[in-house]
Amino acid sequence: MAAVNGSGVSLASQAYMEGNAVKETRALVADLCRQFYSLGWVSGTGGSITIKVHDDCIPKPQQLILMSPSGVQKERMEAEDMYVMSGNGSILYAPSPKPYPHKPPKCSDCAPLFMKAYEMRDAGAVIHSHGMESCLVTMLNPSAKEFRITHMEMIKGIKGHGYYDELVVPIIENTAYENELTESLTKAIEAYPKTTAVLVRNHGIYVWGDTWISAKTQSECYHYLFDAAIKLHQMGLDWSTPSHGPIQQARGAISAPVKAGLKDSSHNSEPFPCCILLDIEGTTTPITFVADVLFPYARDNVGKHLSATYETEDTQEDIKLLRSQVEDDLAHGIDGAVPIPPDGAGKDAVIAALVANVEAMIRADRKITALKQLQGHIWSTGFQNNELKGEFYNDVPEALQSWHALGIKVYIYSSGSRLAQRLVFGNTKSGDLRKYLSGFFDTNIGNKRETSSYVQISESLGVDSPSEILFLTDVVQEAVAAKAAGLKVMISVRPGNAPLPENHGFKTIKSFLEI
């Protein structure tokens, strides 16, 4: 192994670079490449892998990076063949040249793209695969800018996703040279903040994770899902819908002007939108359920929940979010905000302060992520213990089933967390309604009264035009924002909803069955 002009050596100690962690990671990269070769991901010298060398004493952005070389037989690589780089991508050590017929060593052509995942996603490892599945799946629809799939067990292996979620992977166009993909990959990462992968059409996929285990696990799940989509396509089935029903049947149903349409006051029909976006409170579910059942349950069980789950990862993340929110509230003089003592003050003191802040947030009916996420976890316990059941207007289950049979994709957009949404729809007197839904959106995508939120949802759903989405809500301000984004809008008029202003200009319905 040869040092490269001593470049960047000062950024890390010699002991770190020559320590066991680097040696073990070198061997790990070589071993993984052999495994990936057997899977067909890095054959023909294609594909690559990079891993950060973990060290608790060194901040992640400054940790050393190991990267496989370019243009070599990946299954024959050895530990000393890896490049060692600083946290900013400078090459510290390069492998020594090997005799003919080996080519001179060259760092991976993927390096600029790997660095973007490190910089923009704080990744701990990145895998670039040329697996056949990841290539073919981008050809199923040559004009598609995204790959979408839902209701598949292996979706659970993708960070932040569950069985009922819709997995969306952006697709970028291939170029003649790998490094020319850097700009389009950067834009895809920016446009899809939750994605852990980017597909390259007719080429392969980039996958990243917090650790090499996460990156490897997700890569395996992505390839499984791509293979499933290809096989379902060959069977004439639609992998992007919850039921995975026949493709032609779904498409034919969507275009049927009589069976599926929006009726105006003259009972004329126009083609039904491709997607329906539903609010929950006051639209699918009585306001009283949220105000008189869910909120009181969360309020009354805050202390009990925090005490019982204090050491868990979810609760620690909830506390972290609440601390950040309370600090901001105190800085802005928000009524009811009280300081949260540091962890060293003891569990009971921290919980007491958290309870006081959460109760104040609930009283003020604040639509903030920190509160909604905690409430979702509290409600999860309630649903699991059968202390809670989702309540819906009588027409909702029938309408969801009907839309699903027609091939219409239905999504939820609520100020409640995605977890809370899944709980409400998954535990009802009518059974599990999630099988009729294609995805969930919450305020992580934006405030419901801001037009930009609906623009992002439209782009996420991949429709040709926002007008292909019908949004149903009981709140005029939300309707105005959605209409400004180009969505079709109807206002739900239900018992107990707030009165609508005169001349609001929107169509109204009292039942989903009127659509």
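That block above? That's the structure.
*Asks:* So, the overall build of the protein: which residues are in play, and what are the values?
*Replies:* Each helix and strand counted, the protein has 16 helices and 18 strands in total. For a compact globule of 515 residues, the expected C-alpha radius of gyration is about 24 Å, and the protein comes in at 26 Å, within 12% of that figure. Along the first, second and third principal axes, the C-alpha atoms of the protein reach 80 × 60 × 40 Å. Only carbon and sulfur atoms are counted for the fraction: they give 52% of the accessible area of the protein, which is about 23,500 Å².

*Asks:* Hey, could you go over the nonpolar core for me, with residue numbers and the actual values?
*Replies:* If you look at soluble globular proteins, the nonpolar side chains tend to sit buried side by side. If you look at the biggest cluster of nonpolar residues, it comprises 58 residues, and the most contacted ones within it are I276, L278, W379, L400, W403 and L472. Ranked by the residues each element gives to this core, the list is headed by helix α11 (residues 347–363), at eight residues. Residues contacting L400, with those up to four places away along its chain left out, are L278, V410, F425, L433, Y436 and L437.

*Asks:* Lay out the environment of M490 with the relevant residues and their values.
*Replies:* Structurally, M490 is set in strand β17 (residues 488–492). With a relative accessible area of 4%, M490 lands in the buried category. Residues M490 and C110, spaced 380 residues apart in sequence, show a C-alpha to C-alpha distance of 48 Å.

*Asks:* Hey, could you go over the pairing of strand β14 (residues 409–413) for me, with residue numbers and the actual values?
*Replies:* Of all five residues in β14, five are buried; the element is thus mostly enclosed. Taking every second residue as pointing to the same face, both faces of β14 are buried, with K409, Y411 and Y413 on one and V410 and I412 on the other. When strand β13 (residues 275–278) meets β14, the two strands line up parallel, connected through four bridges. Following the sheet pairing, I276 is matched in β14 by V410. Where β14 meets strand β15 (residues 439–441), three bridges bridge the pair, whose relative direction is parallel. Across the sheet, the residue bridging to I412 is F440, located in β15. What joins β14 to β15 is helix α14 (residues 418–426), and the crossover it makes is right-handed.

*Asks:* Got a sec to walk through the pattern of salt bridges? Specific residues and values, please.
*Replies:* When the charged atoms of two side chains lie near each other, side chains of opposite charge can form a pair. Applying the stated rule across the entire model yields 21 salt bridges. In this structure, D165 and R418 form a salt bridge, with 3.4 Å as the shortest nitrogen-oxygen distance. Of this pair, D165 sits in the loop between β7 (146–150) and β8 (166–172) while R418 sits in helix α14, and the two are 253 residues apart along the sequence. We note that D165, like R418, is buried.

*Asks:* For the sheet that holds strand β18 (residues 507–509), give the residues involved together with the corresponding values.
*Replies:* In spatial order, the strands read β15-β14-β13-β16-β17-β18; together these six strands make up an open sheet with parallel pairing. One side of each edge strand has no neighbouring strand; the edge strands of this open sheet are β15 and β18. Taken pair by pair, the neighbouring strands of this sheet meet at an average axis angle of 25°, ignoring direction. Packing of helix α13 (residues 395–405) onto the sheet brings it into contact with β13, β14 and β16 (469–473), and relative to β13 it is tilted by some 155°.

Rules behind the numbers
- Residues numbered from 1 in each chain as written.
- Predicted model: local features only at pLDDT ≥ 70, side-chain atom pairs only at ≥ 80, totals over all residues.
- Heavy atoms only, no water.
- Helix = DSSP H or I, 4+ residues; strand = E, 2+ residues; numbered from the N terminus.
- Rg over C-alpha atoms; globule rule 2.2 N^0.38 Å.
- Areas by Shrake-Rupley, 256 points an atom, 1.4 Å probe, with all protein chains shown as cover.
- Core = buried A, V, L, I, M, F, W, Y, C linked by side-chain atoms within 4.5 Å.
- Buried < 20%, exposed > 50% of the residue type's maximum accessible area, 1.4 Å probe, protein only.
- Contact = heavy atoms within 4.5 Å.
- Pairing = 2+ DSSP bridges.
- Right-handed = clockwise from strand over helix to strand, strands pointing away.
- Salt bridge = Lys/Arg side-chain N within 4 Å of Asp/Glu carboxyl O.
- Axes fitted to C-alpha atoms, helices over the stretch in contact; angles between N-to-C directions.

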